[in-house]
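One letter stands for each residue in the lines below.
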4 protein chains.
Amino acid sequence: MPDSYAYLGPAGTFTQQALLMIPEVRDGEQVPMAGVPAVAAAVRSGETTYGLMPLENSVEGPVSVTTDELVVGEPLQIVREVFLPVSFVLAAREPLELDAIKTVVSHPHAHGQTRAWVQQHLPNAQTVVASSTAEAAVLVGNGEYDASISARIAADNNGLHILAEQVEDTTGAVTRFALLSLPGTPGEVTGNDRTSFVVHIRQEQPGALSGVLIELASRAINLTRIESRPWRERVGEYHFILECEGHVSDPRVGDALAALHRTCRDVRFLGSYPRGDRQNEQLPDDATDHAFVEAAQWLAGVRRDGASS
Amino acid sequence: MPDSYAYLGPAGTFTQQALLMIPEVRDGEQVPMAGVPAVAAAVRSGETTYGLMPLENSVEGPVSVTTDELVVGEPLQIVREVFLPVSFVLAAREPLELDAIKTVVSHPHAHGQTRAWVQQHLPNAQTVVASSTAEAAVLVGNGEYDASISARIAADNNGLHILAEQVEDTTGAVTRFALLSLPGTPGEVTGNDRTSFVVHIRQEQPGALSGVLIELASRAINLTRIESRPWRERVGEYHFILECEGHVSDPRVGDALAALHRTCRDVRFLGSYPRGDRQNEQLPDDATDHAFVEAAQWLAGVRRDGASS
Amino acid sequence: MPDSYAYLGPAGTFTQQALLMIPEVRDGEQVPMAGVPAVAAAVRSGETTYGLMPLENSVEGPVSVTTDELVVGEPLQIVREVFLPVSFVLAAREPLELDAIKTVVSHPHAHGQTRAWVQQHLPNAQTVVASSTAEAAVLVGNGEYDASISARIAADNNGLHILAEQVEDTTGAVTRFALLSLPGTPGEVTGNDRTSFVVHIRQEQPGALSGVLIELASRAINLTRIESRPWRERVGEYHFILECEGHVSDPRVGDALAALHRTCRDVRFLGSYPRGDRQNEQLPDDATDHAFVEAAQWLAGVRRDGASS
Amino acid sequence: MPDSYAYLGPAGTFTQQALLMIPEVRDGEQVPMAGVPAVAAAVRSGETTYGLMPLENSVEGPVSVTTDELVVGEPLQIVREVFLPVSFVLAAREPLELDAIKTVVSHPHAHGQTRAWVQQHLPNAQTVVASSTAEAAVLVGNGEYDASISARIAADNNGLHILAEQVEDTTGAVTRFALLSLPGTPGEVTGNDRTSFVVHIRQEQPGALSGVLIELASRAINLTRIESRPWRERVGEYHFILECEGHVSDPRVGDALAALHRTCRDVRFLGSYPRGDRQNEQLPDDATDHAFVEAAQWLAGVRRDGASS
């Protein structure tokens, strides 16, 4: 049976565009869902094998929804990350001159991110809102409005003509997506991995978080993200979502996670997976696998044979 | 001339509802703006005295926009924070039975947050999207749709009847707003203050961030928020938005900020202002104003008179 | 064959007195040596099973000699520590009135530590120096001088009469001795152990030593002694002699030593042995054996099964 | 009136030899004292202007006596340090062949440090002990013994002939001496200074000492010495004698000392004085005087004018 992939729908969202960057998806089934919680629920219930949702910097919706799904409720595991440059196209049913466009439909966020371009190039067009950029393209395909602003995939899905590309006011935005599954043995160590986890600090005490970071720094583990989230039920307690270089099977990362598990109120492992953006930093000599193995051997020798030169 | 307050509009948003929680606003002018950048621009240009924008956990839009305004561009200063419970009302032009509602209009995010309630209570209604919850109430006021889901203030602004309150699926959400001005002398120390600042780490090196947190922890300064943001222009460099207890005029906070200014690539002070949620922690003896003053006096004595018993 | 015990001689020193506090010594052979290096050499060559030498605060001679034996050369291992209150007796061949004493012989250090008492009680006596307090008692036993100042054991060895006890000017001094053997499996964990080791820091860099101490502190390991020693061959490099609570077989201590072995230029384990003075501190919950075992199990589970609630 | 200098006597000790390395001493009065406490007392009472005593690694006697004088009792201040290579000479009243020497007199420590040389070159000589190496030379000058082992100065003082130099078994030993005065304004900053101080930790708690070292490391202050000393009156509390690069008038050192004064039970400043051995490390950019001044100016600006770019 082929794998199935729930994603933040409807069809034609940036999330679907990101999904299609995963080669295996072409042999699987794509299942659009109405919201991040629905994607999470589909994976948890076994309805789909995987779920794709935006993690950071998305224009499709607030990523705190994703964070909350990862932090609370039944565990899910990140098995892959995908980076997608965020870029909008202006599209219509037919090739059109820009001044022939009277109505432009899109999601409010996309309108916000293309406002300057639209004011300059379509000064007389009326803006109309849709519930998603994907739906905007559908509405144009149906002939309800003249042009849509959406991901390229939505224009393609609806057979629209691309009138202009990169119509966003600020270029360079990238959204990071997480592919989630039920918990399972983490994937192979690739040497360029990332590990995500959640730490629940014992108290809002000075030094508690610096203690967490020292456990990472003393093992030469680079942080790539940190975000505090208040702990709903207990005033003054915090969750921290942390992401770092390395794989839970790397000695230094495992050693650090075990130390955090021992000293923090709670640690939730969210996954170790190949890094999708760039190379991890070069490891210093005292943080290589070899250094950890050698130290463990030395300790075993000392415990068995005592002092050595 | 009265003070003027730009806010994330249109009229009837949760941001306006938060604005009205500030007593002085009633004597001032309220100026709705189309987007967070426009609010920031109004304050920077002097068009308005203040600007209110959501900082955290908003349902009105992505707060990363606010963060980015604070982190880059011309400096703005937080002079006040406002916490607003996020709660939606269902409203119509006339008192209606729920099963008489055929169309419900709202912003896509608000639809997302009330989906279960709507499915249960309005199973046959069609959902329609508007560019904001405020506009949704306007459209209902205009007779275009039967009912809107919005902040209470939008319903009130448009003379609607409240059909149901607290229609959100999850209760307890709170949005935190920041009132911004041009830079100026921070307000008085109240003893229950918060300080916000941005730190730009020299390198993505292990220990750089833990070093920052140790400067805070060693002065018994509680962190209340931390968030990493990649530094757009330089790969592998990060900004961290940090918020802590205390006021820049408190010795311990000033001392810590000066240390960070010295050791980090850059520190941007964002403001010290009364805390809007709850009391700061009790200070330990070695972090009181007295302890800092006493230590400075001791040092001056040693530099002048040498060793003492 | 009975165990043999080299000690810092000659017979009658405080070191011999300390040696006799070890019950097993009564069934063994006692071998006085002329100097700490000779004691070390006897153990290293197998001439004796054990060697006893002063570690700290001795009045018999400079303890840095002991430290240097432990830090460089062929490894030795501390298997026991003995604390001995340092107290001197005034002794003579016959019961004498104090004013009949014309000559008082002792080691220069012992003269220094009893100067006020002697000036008060023996104002007319001439002080004579011997190469050790033990030899002083021998000389009095031989009739060369009237009285000696020495350890009680030296008076007893030579059949002298004790004329006065506790003639030291300052009471409360204690010397700590180490019983050394060739390296071997450390003794059993008793729950009240001490561990001694030497750390060679990579460079005289700020933070190198604080990094060492953080590895201990983050595992709730109390330091009981620290001493820096310059590294003879390399300017600007240091050895640190460290002693802490706990046993190398305790998870937290072993874990810390392995981390130091990984991050420092060199770590030399000197021994884990029952603490001779007082009880170790109560362990916090996150540093118990159970906490370490539980963290290791959690990590194994995560590596095998992935995320868990 | 010329300055007077108490020193650890008698005349002819290594301490006197070290004293003569201070140019100003030639115009002053030299006052030998019988013990380190007597030197300290002479300075405290005003009997002499200065006092010289060995601090580290001496062969003349236990330096813990010096440490204890600095740590407890009325404050004294280190105003200068002197390094003296420790080297012994064999001397006699007349030029002699070595095999004509029947008796060799010295302090027991000096005998210990020249044992191998004496066994090789004077196999038939009898060793005799004196209360100091200085006295040994006096005794040879008086004709009581054939040869003495002492500092060169003692041989010179007594008009002896040097028969052999560097007769110590291990070369390279150096003793460090401290010149003490009553407390007073520390000397000028030279750019190559050392600062000595004593820290009394609040409790024997894990992390207390690492906290101290972090205050130094975070300001890029190199430690040059650390030594723990138990606190006599309170079990489980410790003094730490610390020495670091820099001068109390350097911003980074003053800042660190003030922080320690605030967070530790007690800090005793012992002096800032020119370093006598080698150059301090190069300062990183974030620890220069300029960096501290600039940070203080920035803080003053923020407190006055608020946020700045």
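These remarks concern the structure in this document. (Residues numbered from 1 in each chain as written. Chains lettered and ligands numbered in written order. Predicted model: local features only at pLDDT ≥ 70, side-chain atom pairs only at ≥ 80, totals over all residues. Heavy atoms only, no water.)

### Examining the side chain of C:E81
All names here are of chain C.
Piece 1. Structurally, E81 can be placed in strand β4 (residues 77-85).
Piece 2. Here E81 falls in the buried class, since its relative accessible area comes to 6%.
Piece 3. A distance of 2.8 Å separates a polar atom in the side chain of E81 from a polar atom in the side chain of R176.
Piece 4. In this structure the side chain of E81 is engaged in a polar contact, spanning 2.8 Å, whose partner is the side chain of R194. (Helix = DSSP H or I, 4+ residues; strand = E, 2+ residues; numbered from the N terminus. Buried < 20%, exposed > 50% of the residue type's maximum accessible area, 1.4 Å probe, protein only. Polar contact = N/O pair within 3.5 Å; in protein donor to acceptor, adjacent residues only side chain to side chain.)

### Regarding the relation of the copies chain C and chain A
Piece 1. When chain C is fitted to chain A, the best match, at an RMSD of 0.1 Å, comes from turning it 179° and sliding it 0.0 Å along the axis. Both copies are brought into coincidence by an operation consistent with a two-fold rotation axis.
Piece 2. A share of 100% of the interface residues of chain C reappears at the interface of chain A, consistent with the copies meeting face to face through the same patch. (Least-squares fit on C-alpha atoms with pLDDT ≥ 70 in both. Contact = heavy atoms within 4.5 Å.)

### A closer look at the interface of chain C and chain A
Interfaces are often sized by the amount of accessible area the parts lose when they come together.
Piece 1. Listed by partner, the interface residues are 40 residues for chain C and 40 residues for chain A.
Piece 2. Overall, the association of chain C and chain A removes approximately 3400 Å² of surface from exposure, summing both partners, and the carbon and sulfur fraction of that is 59%.
Piece 3. Linking chain C with chain A are 0 salt bridges.
Piece 4. Connecting chain C to chain A are 16 residue pairs in polar contact (both at pLDDT 80 or more).
Piece 5. Those elements that provide at least two residues to the side of chain C that touches chain A are α8 (208-217), α9 (251-263), β14 (266-274) and α10 (289-305) of chain C.
Piece 6. A per-element tally of the side of chain C that touches chain A places α10(C) first, with 10 residues. (Buried area = accessible area lost by both parts, 1.4 Å probe. Salt bridge = Lys/Arg side-chain N within 4 Å of Asp/Glu carboxyl O.)

### Details of α8(C)
Piece 1. Counting buried positions along α8(C) gives 8 out of 10 residues, so the element sits mostly inside the fold.
Piece 2. Within α8(C), burial applies to C:A208, C:L209, C:S210, C:V212, C:L213, C:I214, C:E215 and C:L216.

### Describing the packing of aromatic side chains
Piece 1. Taken as a whole, this structure holds 8 aromatic pairs over all chains when the rule is applied.
Piece 2. Measuring from ring centre to ring centre gives 5.4 Å for A:F14 and A:F88, while their planes differ by 90°; the resulting arrangement is edge-to-face. Of this pair, A:F14 sits in helix α1 (residues 14-19) while A:F88 sits in the loop between β4 (77-85) and β5 (89-92), and the two are 74 residues apart along the sequence. Across the pair, exposure class does not vary: A:F14 and A:F88 are buried alike.
Piece 3. Geometrically, the ring pair formed by C:Y5 and C:Y50 is stacked, given 5.2 Å between the ring centres and 20° between the ring planes. Of the two residues, C:Y5 sits in strand β1 (residues 4-8) while C:Y50 sits in strand β3 (residues 50-56), which places them 45 residues apart along the sequence.
Piece 4. Taking relative accessible area as the criterion, C:Y5 reaches 3% and is therefore assigned buried. (Phe/Tyr/Trp six-rings, centres within 6.5 Å; stacked < 30°, edge-to-face > 60°.)

### Notes on the sheet that holds strand β8 (residues 147-150) of chain B
Residues and elements named next belong to chain B.
Piece 1. The strand order across the open sheet built from 5 strands is β7-β6-β8-β5-β9, with neighbouring strands paired in mixed fashion. The strands lining the two open edges of the sheet, one partner per strand, are β7 (126-129) and β9 (161-165). For this sheet the average axis-to-axis angle between neighbouring strands, irrespective of direction, equals 30°.
Piece 2. Here strand β5 (residues 89-92) runs beside β9; their pairing, made up of 4 bridges, is antiparallel. Its bridge partner lying in β9, A91 is registered against I162.
Piece 3. Its contacts with the sheet place helix α6 (residues 133-141) against β5, β6 (103-106) and β8, and it is angled at close to 160° to β8. (Pairing = 2+ DSSP bridges. Axes fitted to C-alpha atoms, helices over the stretch in contact; angles between N-to-C directions.)

### A few points about the environment of D:V118
Residue and element names in this part refer to chain D.
Piece 1. Mapped onto the elements of the fold, V118 is located in helix α5 (residues 115-121).
Piece 2. For V118, a relative accessible area of 9% translates into the label buried.
Piece 3. When the C-alpha positions of V118 and D169 are compared, they lie 9.2 Å apart, and in sequence the two are 51 residues distant.
Piece 4. In this structure V118 touches P123 and I149, once residues within four positions along its chain are discounted.

### Digging into the pattern of salt bridges
Residue and element names in this part refer to chain A.
Piece 1. Tallied over the full model, the rule gives 64 salt bridges over all chains.
Piece 2. The residue R225 makes a salt bridge to E227 at a minimum N-O spacing of 2.8 Å.
Piece 3. A relative accessible area of 16% means that E227 is categorised as buried.
Piece 4. Counted as one network, the salt bridges with shared partners bring together E56, E81, R176, R194, R225, E227, E243, E245, R275 and D277.

### Brief notes about the packing of helix α8 (residues 208-217) of chain A against helix α9 (residues 251-263) of chain A
Residue and element names in this part refer to chain A.
Piece 1. It is at 9 Å that the axes of α8 and α9 come closest, and there the two elements cross at 160°. Classified by the angle between their axes, α8 and α9 sit roughly antiparallel to one another. The handedness of the crossing between α8 and α9 comes out as right-handed. Across the interface between the two elements, V212, E215 and L216 of α8 pack against A256, A259 and L260 of α9.
Piece 2. Looking at the contact of α8 with α9, its residues break down into 5 nonpolar, no polar and 1 charged. (Parallel < 35°, antiparallel > 145°, perpendicular 65-115°, else oblique. Left-handed = near helix turned anticlockwise from the far one by under 90°. Nonpolar A, V, L, I, M, F, W, Y, C, P; charged D, E, K, R; others polar.)

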